Amino acid sequence: MNYPLDKLAKVLNGQLNDKGKNPEISGIAPLLEAKPGEISFFSDGVGKQKHLEELKQTKASALIASEKAVDLPLPTICFKNAYVGLARALELFRPEYRPKPGIHPTAFVDESAEVHPTAIIGAHAVVEAGSIISEEARIDSGAVVERGASVGKRSRLCSNVTLRFGCTIGEDSIIHSGTVIGSDGFGFTPTSEGHLKIPQTGNVEIGNKVEIGANVTIDRATMGKTIVNDGTKVDNLVHLAHNVSIGKNCLIIAQVGISGSTTIEDNVTLAGQAGTVGHITIGKDSIVAARGVATEDLPPGSIVSGFPCKPHSEEKKIMIALRRLPELIKKVRELENKIDQKVEK
Amino acid sequence: MNYPLDKLAKVLNGQLNDKGKNPEISGIAPLLEAKPGEISFFSDGVGKQKHLEELKQTKASALIASEKAVDLPLPTICFKNAYVGLARALELFRPEYRPKPGIHPTAFVDESAEVHPTAIIGAHAVVEAGSIISEEARIDSGAVVERGASVGKRSRLCSNVTLRFGCTIGEDSIIHSGTVIGSDGFGFTPTSEGHLKIPQTGNVEIGNKVEIGANVTIDRATMGKTIVNDGTKVDNLVHLAHNVSIGKNCLIIAQVGISGSTTIEDNVTLAGQAGTVGHITIGKDSIVAARGVATEDLPPGSIVSGFPCKPHSEEKKIMIALRRLPELIKKVRELENKIDQKVEK
Amino acid sequence: MNYPLDKLAKVLNGQLNDKGKNPEISGIAPLLEAKPGEISFFSDGVGKQKHLEELKQTKASALIASEKAVDLPLPTICFKNAYVGLARALELFRPEYRPKPGIHPTAFVDESAEVHPTAIIGAHAVVEAGSIISEEARIDSGAVVERGASVGKRSRLCSNVTLRFGCTIGEDSIIHSGTVIGSDGFGFTPTSEGHLKIPQTGNVEIGNKVEIGANVTIDRATMGKTIVNDGTKVDNLVHLAHNVSIGKNCLIIAQVGISGSTTIEDNVTLAGQAGTVGHITIGKDSIVAARGVATEDLPPGSIVSGFPCKPHSEEKKIMIALRRLPELIKKVRELENKIDQKVEK
């Protein structure tokens, strides 16, 4: 479906700066791939320099951009946050494919499971005894929902996800492929006959509007629950240990590891490859920078980096100072010599 | 099933401190979730402060605790190691569900595979040609046992595990969901036509009473074997490269990576996100702290941290000294000035 | 099949140093496992010390080695690069098993998918609508090829791989078990109602002769493509974010994470557990050492390590200097005292 630019601006709820033109827009594509008649996206933030270069070569007929971006050479639909405009345009022009509701003939659904008639169960998916698949939920090919687990309305388990027994997914959540929810926590205690396994008998509860990346692992609690609260987004290959509690609207970037019984409060960001020890609390609105390791409780609003993590401003000073360390050692040796000479005189 | 506390103490083989009461115990739950009639767990070690707070609010009727914990406000079953008591109580009150033996009608078992009648093969599981599934072993939904692989007595592959061709699992071991055992080692050699693949033709052998976490990867040997010995426990998202050999009763915590042909001797602990280079030996009873990277052979009993790893006590001193580095640079500059002034005089 | 050593040298295209013998060779095995009549491998590089020890005990009848290795006690087939000889011998003596072409009766192949008659589709594999499986390609047990995806000639998806919709694999490539290609990129933007998902509507394109390890995650682009070019080899548990572009013949070692929109040019090596921030370019022929983190563009031929990464030679000096830091702090304090005393005089 095509949209004249002025109509598109209204549909996307953006501000039109039409530069006297009103091209017909048929799709959206990156700057270097866009054809005439397509709209593209200009980032005013990260990647701006690259986008400025690409603008010179683009064949796009219009742009989506921040209202702060000036001097753009094409008609532009402006947004306070350009990414909101991008999200709306992608939904409009590239809507997600959705199979028809129903259970694929090769899927296995136990007769004691409840699958809503509007749900979609893919090829070779497994829905074990007593589990619940709600309205418009989607279990893709090869995914396994073990006994007594449940998936809320409109939530999706992508292909080859494993949702283990008794774990629950809220509404409007997405779990990406290969992810395991409800594996046993790493609980052992030393005995004279070796490491004794402490049975892991709790579960995992994922809230609403949560997104969990691919090949993530979230362990079930020893007793009680491991929790990921509403609105939190978790990237690929993250490890959440048993009895961890993640607050609302957190961002947990790829390859982060969170040790057992640690609490992450609301709106916390843990950047890539960061980590925490167990049994601590990261206060709300905190940021742990990439590779940072939280080794003790952090008050709300902390911005930390390094291992063990420190206030980010301090860590930056240390990082800069480090590069001068070899020279400093020399300098101190010279000072010693000077002083010794003076002393000798 | 309910137990009067005095009987429960006997069943669990603990020491009763009944404070003059003998409540009927119907289950076990964490301190804040326990209802009257339930027993709970008090940790004297990590998390003690939190547990002391929770004790004030608990509705539990009794506790499991260390014999060192004193002044507890409730009747207590005491253990030298409280976690042993916890493990026993969880096994008693929350026994693991076990499906009936047999092959699920949707599973595929090759006619040349041997599946013991007491084994359990789940929905859509695959057991390829020539593989062996022993007494009471369990292959859960969607798991794949490739040709010529074997799973020992009472061992379990959880849902969506991949056990690749020719690899073997001993007895009483658990492999958690999403884990891949027997992927090709990363073996390439540079040639004028690019990286030439060195065929990876060995296998992986997992011992008895081993537990491997979720989404772990263990590569097969180029020739010979990659080995994980009896009693070792491996956490989630760990990478063991080709020809690695892990000793008995090791603990390999989440997101550790061990490079090719490295030997880890018995009773070694590698804490979270640690790593090793290839072709080295970590002596028995050693500990590599979280994020530590072993870059050369370590003698038995080493306790190391940092990258490259050093004796932990040294690394700690460096970590403390680092925070004083920016100030040190200033101080040396001041000293220089002082000296130069003196020299000029 | 057996080969007299002189014939084997010709078949493998190596240089024979027969020490006056011509044993019949029936197989290949590691030094300590080889039986009389088998050939083994001697590494002149990493692991040489261990191999020299093992040579004393080996029962092998001949060796494959570098032409630089001298004084070996057995007849030897020599190669400029011994690993090339090893690769050829392993292919000869331990050829890969290959099932007969065809679709396993338990596989699900959508009627609109194109599967070449020479392709192999394993048990419980899924090939969704509109996807293409080319000549001699192989989709192993439990692997899922979502709608509109394609797998080129002779390429292989190992058991339980997930190839998501619209993604493409070139020719002669191998994707190891548990890997997810085409999961959504981590794209969200903050709004007053929480993190808004930016639809991820691009795809992933994997080139020819690429190998991707186990439990890797490669996210689809927001728009456009995430790319892994010809000849690149990726190890286990690696994360490639959306819109990443990896050049030709790169080596990406285990547990590396590459952030969104970053470009890795040709022939780059990223060693174990390394990382990059997003939106940067790593110039061709660069090496990022283990654990290194690239935080800005790197010119071609860079050799860097550390976080943030620096020229490797500089980082090494810093690492050495660090061990002297605690002592340096003491020394500066002593100097201060000396100077103060002199000043007082």
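Note that this is a predicted model, so its numbers are computed, not measured.

1. So, the pairing of strand S6 (residues 62-66) of chain C
Residues and elements named next belong to chain C.
Phase 1: Most of S6 sits out of view: five of its five residues are buried.
Phase 2: Note that strand S5 (residues 38-41) and S6 share three bridges and pair parallel. Bridge pairing in S6 places Phe41 opposite Ile64.
Phase 3: Running through helix H2 (residues 48-57), the crossover from S5 to the neighbouring parallel element S6 is right-handed.
Phase 4: Sheet topology note: the S6/strand S7 (residues 76-79) ladder contains four bridges and is parallel. Paired with Ser66 across the bridge in S7 is Phe79.

2. Some points on the relation of the copies chain A and chain B
Phase 1: Each copy of the sequence occupies a distinct position, and chain A is placed on chain B by a rotation of 120° and an axial shift of 0.0 Å, giving an RMSD of 0.1 Å. This pairing of chains is accounted for by a three-fold axis.

3. So, the interface of chain A and chain C
Phase 1: Counting residues at the interface gives 64 residues for chain A, matched by 73 residues for chain C.
Phase 2: Area buried by chain A at its contact with chain C is led by His124(A), Arg291(A) and Arg323(A), which between them contribute 12% of it.
Phase 3: The interface formed by chain A and chain C contains four salt bridges.
Phase 4: The tally of links from chain A across to chain C stands at 23 residue pairs in polar contact (both at pLDDT 80 or more).
Phase 5: Of all the secondary structure elements, the ones that give two or more residues to the side of chain A that touches chain C are helix H3 (82-93), strand S28 (233-234), strand S31 (251-252), helix H4 (312-322) and helix H5 (325-344) of chain A.
Phase 6: Among the elements that make up the side of chain A that touches chain C, the one with the highest residue count is H5(A) (twelve residues).

4. Points about the domain arrangement of chain A
Interfaces are often sized by the amount of accessible area the parts lose when they come together.
Phase 1: Taken domain by domain, chain A comprises domain 1 (3-93), domain 2 (102-314) and domain 3 (317-344).
Phase 2: Centre-to-centre separation of domain 1 of chain A and domain 2 of chain A, based on C-alpha positions: 36 Å.

5. Here's the deal with the pattern of salt bridges
All names here are of chain A.
Phase 1: With the rule as written, the count across this model stands at 48 salt bridges over all chains.
Phase 2: A salt bridge links Asp140 to Arg138, with the nearest nitrogen and oxygen atoms 2.9 Å apart. Judged on exposure class, the residue Asp140 and its partner Arg138 are both buried.
Phase 3: In this structure, Arg154 engages Glu171 in a salt bridge whose closest nitrogen and oxygen atoms are separated by 3.6 Å. Linking Arg154 in the loop between strand S16 (150-151) and strand S17 (156-157) with Glu171 in the loop between strand S19 (168-169) and strand S20 (174-175), this pair joins segments that are 17 residues apart in sequence.

6. Quick notes on the state of the cysteines
Residues and elements named next belong to chain B.
Phase 1: One pass over the full model with this rule turns up zero disulfides over all chains.
Phase 2: The structure places no disulfide on Cys250, whose sulfur is separated from the nearest cysteine sulfur, that of Cys309, by 16 Å.
Phase 3: Judged by its relative accessible area of 0%, Cys250 falls in the buried class.

7. Overview of the side chain of Glu38(C)
Residue and element names in this part refer to chain C.
Phase 1: Relative to the elements of secondary structure, Glu38 occurs in strand S5.
Phase 2: Despite its burial, Glu38 pairs with no opposite charge; the closest candidate is Lys35, at 4.6 Å N-O.
Phase 3: In this structure the side chain of Glu38 is engaged in a polar contact, spanning 2.8 Å, whose partner is the backbone nitrogen of Lys35.
Phase 4: If we skip the residues at most four places from it in the chain, Glu38 touches Ile25, Ser26, Gly27, Ile28, Ala29, Glu33, Ala60, Ser61 and Ala62.

8. Describing the sheet that holds strand S11 (residues 120-121) of chain B
Residue and element names in this part refer to chain B.
Phase 1: If you walk across this open sheet you meet the twelve strands as S8-S11-S14-S17-S20-S25-S28-S31-S34-S37-S39-S40, and the pairing is mixed. Each edge of the open sheet is held by one strand with a lone partner, namely strand S8 (102-103) and strand S40 (310-311).
Phase 2: Strand direction decides the pairing type here: strand S25 (residues 211-212) and strand S28 (residues 233-234), joined by two bridges, are parallel. Of the residues in S28, the one forming a bridge with Ile212 is Val234.

9. A closer look at unusual backbone geometry
Phase 1: Here the bond from Phe307(A) into Pro308(A) is cis, since omega is -5°, no more than 30 degrees from zero.
Phase 2: Relative to the assigned elements, Pro308(A) resides in the loop between strand S39 (303-305) and strand S40 (310-311).
Phase 3: For Asn215(B), which is not glycine, the phi torsion reads 55° and is therefore positive.
Phase 4: Note that Asn215(B) resides in the loop between S25 and strand S26 (217-219).
Phase 5: Judged by relative accessible area, Asn215(B) falls into the buried class, the value being 1%.
Phase 6: Even without a glycine there, the phi angle at Lys19(C) is positive, about 50°.
Phase 7: Tracing the backbone shows Lys19(C) in the loop between strand S2 (15-17) and strand S3 (24-25).

10. Focus on the confidence of the model for chain A
Phase 1: Taken as a whole, chain A shows an average pLDDT of 96; of its residues, 99% reach a score of 70 or greater.
Phase 2: In the predicted assembly, ipTM is 0.97 and pTM is 0.97.

11. Structural notes on a positive patch on the surface
Phase 1: A cluster of like positive charges, contributed by Lys317(A), Arg324(A), Lys330(B) and Arg333(B), occupies part of the molecular surface.
Phase 2: The residue Lys330(B) is located in helix H5 (residues 325-344) in this model.
Phase 3: What makes Lys330(B) exposed here is its relative accessible area of 53%.

12. So, the interface of chain A and chain B
Phase 1: Contact residues are listed per partner, giving 73 residues for chain A and 64 residues for chain B.
Phase 2: Summed over both partners, the interface of chain A with chain B comes to about 5,000 Å²; 65% of that surface belongs to carbon and sulfur atoms.
Phase 3: Contact with chain B buries area across many residues of chain A, yet Phe186(A), His195(A) and Met223(A) alone supply 15% of it, more than any other trio.
Phase 4: Here chain A and chain B share 23 residue pairs in polar contact (both at pLDDT 80 or more) between them.
Phase 5: Breaking the side of chain A that touches chain B down by element, the ones donating at least two residues are strand S21 (180-183), strand S22 (188-191), strand S23 (194-197), strand S26 (217-219), S40, H4 and H5 of chain A.
Phase 6: The element best represented in the side of chain A that touches chain B is H5(A), accounting for eight residues.

Calculation rules
Residues numbered from 1 in each chain as written. Chains lettered and ligands numbered in written order. Predicted model: local features only at pLDDT ≥ 70, side-chain atom pairs only at ≥ 80, totals over all residues. Heavy atoms only, no water. Buried < 20%, exposed > 50% of the residue type's maximum accessible area, 1.4 Å probe, protein only. Helix = DSSP H or I, 4+ residues; strand = E, 2+ residues; numbered from the N terminus. Pairing = 2+ DSSP bridges. Right-handed = clockwise from strand over helix to strand, strands pointing away. Least-squares fit on C-alpha atoms with pLDDT ≥ 70 in both. Contact = heavy atoms within 4.5 Å. Buried area = accessible area lost by both parts, 1.4 Å probe. Salt bridge = Lys/Arg side-chain N within 4 Å of Asp/Glu carboxyl O. Polar contact = N/O pair within 3.5 Å; in protein donor to acceptor, adjacent residues only side chain to side chain. Domains from an automatic or database assignment. Disulfide = S-S within 2.5 Å. Lys, Arg positive; Asp, Glu negative; His and termini not counted. pLDDT = per-residue confidence, 0-100. Patch = residues over 30% accessible without salt bridge, like charges linked within 9 Å, V, L, I, M, F, W, Y side chains within 5 Å. Areas by Shrake-Rupley, 256 points an atom, 1.4 Å probe, with all protein chains shown as cover. Charge placed at Lys NZ, Arg CZ, Asp CG, Glu CD.

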